[in-house]
Amino acid sequence: MIRKAEETDIEAILVITKACAKAMISEGIFQWNAHYPNASAFQNDIKRGELYVLEIDDTIRGCIVISTFMDSEYKPIQWLTSNEHTIYIHRLAIHPKLQGKGYAQQLMRFAEAYAIDNNYASIRLDTFSKNKRNQKFYELRGYKRLGDIYFPKQSEFPFHCYELVL
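Residues numbered from 1 in each chain as written. Predicted model: local features only at pLDDT ≥ 70, side-chain atom pairs only at ≥ 80, totals over all residues. Heavy atoms only, no water.

Colleague: I'm lost on the overall build of the chain in this one. Help?
Modeller: Helix and strand counts for the chain stand at four helices and seven strands. Walking the chain from its N terminus toward its C terminus, one meets helices and strands in the order β-α-α-β-β-β-α-β-α-β-β. Whereas a compact globule of 166 residues would reach a radius of gyration of roughly 15 Å, the chain reaches 15 Å, a difference of no more than 12%. C-alpha extents for the chain along the principal axes are approximately 40 × 35 × 30 Å. Counting across all 166 residues of the chain, residues that qualify as buried make up 50%. Taking as baseline every contact in the chain between residues at least 6 positions apart, the subset at least 24 positions apart corresponds to 68%. A total accessible area of about 8,800 Å² is found for the chain, and carbon and sulfur atoms account for 51% of it. For the chain, the distance from the average position of its 21 positive side-chain charges to the average position of its 20 negative side-chain charges is 5 Å. (Helix = DSSP H or I, 4+ residues; strand = E, 2+ residues; numbered from the N terminus. Rg over C-alpha atoms; globule rule 2.2 N^0.38 Å. Buried < 20%, exposed > 50% of the residue type's maximum accessible area, 1.4 Å probe, protein only. Contact = heavy atoms within 4.5 Å. Areas by Shrake-Rupley, 256 points an atom, 1.4 Å probe, with all protein chains shown as cover. Lys, Arg positive; Asp, Glu negative; His and termini not counted. Charge placed at Lys NZ, Arg CZ, Asp CG, Glu CD.)

In structure tokens form, the structure reads like this:
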């Protein structure tokens, strides 16, 4: 079941994202760290009604942010659609012990259906340039790589921006 997250879900979400960060760091992927993602980011997501969780057997196993807010870092990218009526995916996470079972696909299908049902023009996201697995994941779903942005608090390496025109 996928539902909107509540404040009481943040602790469980942080357990998942910290486990993801630890797993990525062990593979030399410095995408997430002690600064990101954090509780205040998830609190803001909840206040905006943009954070969703995947619940299996009454336990939170993953999360995704479906946002209409365009981060300033995205402005230099030559997007395929105009900046009106677009959604942005952030903080997609599945606990490492459950990865490879289709749960991230399930969350992305949910986000894509949400975008289509609400007549959005496209879905945009970014993923770390050193995270080849994520790049393949999005490219196989039809997302087009358009350019690079930087988040200095996360890494000196770029993040690739992707867009799926609906």
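Picking up where we left off.
Colleague: Sorry, what's going on with the sheet that holds strand β2 (residues 51-56) here?
Modeller: Backbone-to-backbone hydrogen bonds join strands into a sheet, with any given pair of strands oriented parallel or antiparallel. With respect to topology, seven strands assemble into an open sheet ordered β1-β2-β3-β4-β5-β7-β6, the strand pairing being mixed. Each end of this open sheet is capped by a strand with a single partner; those strands are β1 (2-4) and β6 (144-149). Taking the axes of each pair of neighbouring strands and ignoring which way they run, one obtains an average angle of 30° across the sheet. Two strands pair when backbone bridges link them, and β1 and β2 are joined in this way by three bridges, in the antiparallel orientation. In the strand pairing of β2, Arg3 is matched with Val53. (Pairing = 2+ DSSP bridges. Axes fitted to C-alpha atoms, helices over the stretch in contact; angles between N-to-C directions.)

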